[in-house]
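Results of the structural survey
Below, each chain spelled out in residue letters.
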Amino acid sequence: MAEIGVTLVVGNDGVAVITISNPPVNALAIPIIAGLKQKFEEATARSDVKAIVVTGKGGRFSGGFDINVFERVHKTGDISLLPDVSVDLLINIIEDCKKPVVAAVEGLALGGGLELAMGCHARIAAPKTQLGQPELTLGVIPGFGGTQHLPRLVGLSKAIEMMLLSKPIMSEEGKKLGLIDDIASSQDLLTVSRLWALEIAERRKPWVCSLHKTDKIGSLSEARKVLRTAREQAKKTAQNMPQHQACLNVIEEGIVHGGYSGVLEEARVFKELVLSETSRGLVHVFFAQRATSKVPNVTDIGLKPRHMKKVAIIGGGLMGSGIATALILSNIYVFLKEINSEYLLKAIKAVEGNVRGLVSRGKLTKDKAEKALSMLRGVLDYSEFKDVDMVIEAVIENIPLKQKIFSEIEKACPAHCILATNTSTIDLNLLGEKTNSQDRIIGAHFFSPAHVMPLLEIVRTEKTSPQAILDLMTIGKTIKKVPVVVGNCTGFAVNRTFFPYTQGSHILVNLGVDVFRIDRIISNFGFPMGPFQLQDLTGYGIALAAGKEIANAFPDRTFKSPLVELLVKNGRNGKNNGKGYYIYERGSKPKPDPSVLSIIEESRRFANIMPGGKPVSVTDKEILEMILFPVVNEACRVLEEGMVVRASDLDIASVLGMSFPSYRGGILFWADVIGPKHVFTSLKRWSEMYGSFFKPSRYLEERAMKGILLSEPASSSLKSRSKL
Ligand SMILES: C[C@H](O)CC(=O)SCCNC(=O)CCNC(=O)[C@H](O)C(C)(C)COP(=O)(O)OP(=O)(O)OC[C@H]1O[C@@H](n2cnc3c(N)ncnc32)[C@H](O)[C@@H]1OP(=O)(O)O
């Protein structure tokens, strides 16, 4: 077991080195903060200590304050669990220390980690060290003085950018900005830092207390202008979240009344924000995302992931080319197979377009783009498949075609090769039926565009081997996806959970509610767009095909909306042909198209579900709930059937796969905040009024009646039928 604590070693040079040890990221847990305080006091008091260096063990300075403490505050509501670090440790003990303190920073200094370093009198960093204040992604603001120190070290605009966008910088940029005093190689880091500390003690280097610096702030009127622009920007990019405006207010307090006053205000606001719904949701998402990498009987049985060097992709359409892009961007060789040279050329062009698009948006350098494209080879047969480590089939959703491909790749690929499919609807057992390799067959369900969307749904059957799952999880992480392992059912976990989202919105429209009102309500809730604009974007073909699959699998809760077919019949294909619910014109935002209303009227006549033939009268809140509660209901079924390892996996799937607002914690977390009882009684009422689509599931009913949260793991009295 690695040692957890803080050590102090005094060298012959009179420098005390204080080292934080709390693997894997040296989080500033409560005992670590207490340890730092004690060791600093000891070093200050010792007569043989001339100067102090603070560092982190294991090549990482610190990943910041221990986020587990936020979780404990959320559970208990006890704000006194938060220690006073900004004044007590960072100002009184470190910044006001009679001996100079230098931070020797390596790997990462994030959140409270960077704040600890900024409280020191100088900072020496190893190359490529990440420096950042990501607290806003956890629904809070920096709480150890960062809102005051950072603007004074890097300037107001840059500090605002780093905090509001939670965007870290590298030590090289930090040196240019003045955040870092010098860069030293990993081997020399401590030597350089010790010398630097001694030179400060001897007054040969400046002894800087950054809280008192004013040179980078500019005049009050300049600062106010920068803050005003930032506030306007945050209003657009961070709707429904309080921490962005709060952060700017606290920065302003320090500019107007001085750094110390700013630190006190920061501490007050920090404590308020820790208790906010936003922080509860975002902290939940932080841990939920990390929990997805823990899959019982896969990641806890001593298996080692195998190295995946070469991957073959069959089918270079939208999905195949997107997956190929994601792989080559992470230095994995890809053989992209198509059925003829015309399609192959088109597929390669699509990959090139994806990669070059990243360059033109400044997300990738030209060199890296060329390197990535050199990892791609187009092929027309299976001859190169003899030494690939994984195949991902990404052809159209046609069962006999896919079955034929699986029989062929079973023969063409080596025995260890993983045979994956990107199907979003077809039963995996059916696909592998004609092979003897069911243990290697697995779903690799990417979301479109595959090189952008972060979720990878890994679908396992009862026969898929743990090694294949682990290997796909590993490759998923290599290509910067978040893999969520799920069971094999119609729609798998994500599409299955979210099909009622589209259905619910169609029921509402056919009940007489305005499409654009629905889209507005859903966007205001925090989705990037409403369900109808989303349908315009994804295309109606997919909606029709997926709708049929779902209707076959779950006839009791499918609403057959006439609307999509009517749109297609009227020459509308959504964004594809510039005409859907909205009008799409180059260079301008989509505009609601009034001429779609007559088609909607026709749909309402066909559907004939308006009570008494009159549009229903519903509040905005009811509209939101009539769309999202059926999703919660289906998530309950997915949970009960054991299709996911844990409830929070569905939260991550909803956030990363469906763009459910992360600050609401994901679909089940949100439902638990509202309360299962309210979800249940609402669904029950609507099922009596509007039919079985809304009928509450057994799982939801049971939990609502017993007062148990939906996300609580099944106990012996409420057994889930886990398939995972
Ligand atoms: C008062 C202050 O201003 C407030 C704060 O400091 S709030 C904290 C600010 N810091 C952050 O937001 C950083 C959060 N951490 C990260 O972004 C990433 O973990 C990282 C970049 C540090 C490392 O990433 P990576 O190497 O991929 O490892 P990752 O899987 O994320 O984390 C490894 C483990 O460390 C844990 N961890 C990471 N940062 C942590 C933190 N600050 N507190 C507690 N645990 C943390 C993770 O939960 C995970 O635990 P697990 O193995 O049990 O699941």
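Residues numbered from 1 in each chain as written. Predicted model: local features only at pLDDT ≥ 70, side-chain atom pairs only at ≥ 80, totals over all residues. Heavy atoms only, no water.

Time to look at the UniProt feature "domain: 3-hydroxyacyl-CoA dehydrogenase C-terminal" (unreviewed entry) in the protein. According to UniProt, the "domain: 3-hydroxyacyl-CoA dehydrogenase C-terminal" (unreviewed entry) feature falls on residues 491-584. Annotated as residues 491-584, this span is 63% helix and 2% strand, and its ends, taken at the C-alpha atoms, are 30 Å apart. (UniProt positions renumbered as here; feature names shortened; annotations may be inferred. Helix = DSSP H or I, 4+ residues; strand = E, 2+ residues; numbered from the N terminus.)

Bringing the sheet that holds strand S15 (residues 441-446) into the picture now. Taken in spatial order, the eight strands of this open sheet run S12-S11-S10-S13-S14-S15-S16-S17, and their pairing is mixed. Two strands lie at the open edges of the sheet, namely strand S12 (376-379) and strand S17 (482-486), each paired on one side alone. Across the sheet, the axes of successive neighbouring strands diverge by a mean angle of 25 degrees, strand direction being ignored. Along the sheet face, helix H14 (residues 341-360) touches strand S11 (333-337) and S12 and points at about 165 degrees away from the line of S12. (Pairing = 2+ DSSP bridges. Axes fitted to C-alpha atoms, helices over the stretch in contact; angles between N-to-C directions. Contact = heavy atoms within 4.5 Å.)

Regular strands place side chains that alternate from one sheet face to the opposite one. Within S15, six of the six residues are buried, which leaves it mostly tucked inside the rest of the structure. In S15, alternate side chains face the same way, and those of Ile-441, Gly-443 and His-445 on one face and Ile-442, Ala-444 and Phe-446 on the other are all buried. Judged from the three bridges that link them, strand S14 (residues 418-421) and S15 form a sheet pairing that is parallel. Bridge pairing links Leu-419 to Ile-441 in S15. In terms of strand pairing, S15 meets strand S16 (residues 455-459) through four bridges, oriented antiparallel. Along S16, the bridge assignment pairs Gly-443 with Val-459. (Buried < 20%, exposed > 50% of the residue type's maximum accessible area, 1.4 Å probe, protein only.)

Taken in spatial order, the three strands make up an open sheet running S5-S7-S8, and their pairing is mixed. The sheet is open, and its two edges are formed by strand S5 (108-110) and strand S8 (169-170), each paired on a single side. With two bridges joining them, strand S7 (residues 130-132) and S8 adopt antiparallel strand pairing. Paired with Leu-131 across the two strands is Ile-169, which belongs to S8. Lying over the sheet, helix H4 (residues 112-119) contacts S5 and S7, oriented at roughly 95 degrees with respect to S5.

Taking the UniProt record as the reference, the feature "domain: 3-hydroxyacyl-CoA dehydrogenase NAD binding" (unreviewed entry) is found at residues 310-488. The annotated region residues 310-488 carries 39% helix and 21% strand content, and the separation between its end C-alpha atoms amounts to 26 Å.

Once that is clear, we can look at the packing of aromatic side chains. Inspection of the entire model under this criterion finds 21 aromatic pairs. With a centroid separation of 5.5 Å and an interplanar angle of 65 degrees, the aromatic rings of Phe-65 and Phe-70 are classed as edge-to-face. Phe-65 gets classed as buried once you look at its relative accessible area, which sits at 10%. Grouped by ring-pair contacts, the aromatic residues Phe-498, Tyr-501, Phe-525, Phe-527, Phe-629, Phe-660, Trp-670, Trp-686, Tyr-690, Phe-693 and Phe-694 constitute a single cluster. Of note, Arg-290 hangs over the ring of Phe-286, and the distance from its end group to the ring centre comes to 3.8 Å. The ring of Phe-525 carries Arg-664 above its face, with NZ or CZ at 4.1 Å from the centroid. (Phe/Tyr/Trp six-rings, centres within 6.5 Å; stacked < 30°, edge-to-face > 60°. Lys NZ or Arg CZ within 6 Å of the ring centre and 35° of its normal.)

Let's shift gears to the pattern of salt bridges. Pairing is possible between side chains that carry opposite charge, provided their charged atoms lie close to one another. Across all of its chains, the model carries 38 salt bridges by this definition. For the salt bridge of Arg-224 with Glu-252, the shortest nitrogen-to-oxygen distance reads 2.7 Å. Of this pair, Arg-224 sits in helix H9 (residues 220-237) while Glu-252 is found in helix H10 (residues 243-257), placing the two residues 28 residues apart along the sequence. Assessed through its relative accessible area of 36%, Arg-224 is described here as partly exposed. Judged by relative accessible area, Glu-252 falls into the buried class, the value being 16%. (Salt bridge = Lys/Arg side-chain N within 4 Å of Asp/Glu carboxyl O.)

Quick look at the packing of helix H1 (residues 30-45) against helix H3 (residues 86-95) now. Contact pair H1 / H3: the axes reach a minimum separation of 11 Å and the direction vectors enclose 20 degrees. Here H1 is positioned roughly parallel relative to H3, judged by the angle of their axes. The element H1 and its partner H3 pack so that their crossing is left-handed. Contact with H1, carried on its side by Ile-33, Leu-36, Lys-37, Phe-40 and Glu-41, involves Asp-88, Leu-89, Ile-93 and Ile-94 of H3 and no other residues of that element. Taken together, the residues of the contact of H1 with H3 sort by class into six nonpolar, no polar and three charged. (Parallel < 35°, antiparallel > 145°, perpendicular 65-115°, else oblique. Left-handed = near helix turned anticlockwise from the far one by under 90°. Nonpolar A, V, L, I, M, F, W, Y, C, P; charged D, E, K, R; others polar.)

Quick look at unusual backbone geometry now. Generally, phi is negative for residues other than glycine and the peptide bonds are trans, each holding for most cases. Put simply, Pro-23 and Pro-24 share a cis peptide bond, and its omega is 5 degrees. Locating Pro-24 in the fold gives a position in the loop between strand S2 (15-21) and H1. Residues Ser-448 and Pro-449 are joined by a peptide bond in cis, for which omega reads -5 degrees. Within the secondary structure layout, Pro-449 lies in the loop between S15 and S16. One non-glycine residue, Asn-240, lies in positive phi territory at about 70 degrees.

Okay, the pairing of strand S1 (residues 5-10) next. Across six bridges, the pairing between S1 and S2 is antiparallel. Opposite Thr-7, over in S2, you have Thr-19 as the bridge partner. Hairpin remark: S1 followed by S2, antiparallel, with four residues in the connecting loop; positive phi at Gly-14, about 85 degrees.

All right, on to helix H22 (residues 540-553) then. Between its first and last C-alpha atoms H22 spans 20 Å; for 14 residues at 1.5 Å apiece the expected length is 20 Å, and the two agree. Along H22, the positions that sit buried rather than exposed are Tyr-540, Ile-550 and Ala-551. Projected down its long axis, H22 shows its buried positions confined to an angular sector of 100 degrees, all on one face. H22 presents Gly-541, Ile-542, Lys-548 and Asn-552 as exposed residues on the side facing more than 90 degrees away from its buried surface. (Expected span 1.5 Å × (residues − 1). Arc of directions from axis to C-beta.)

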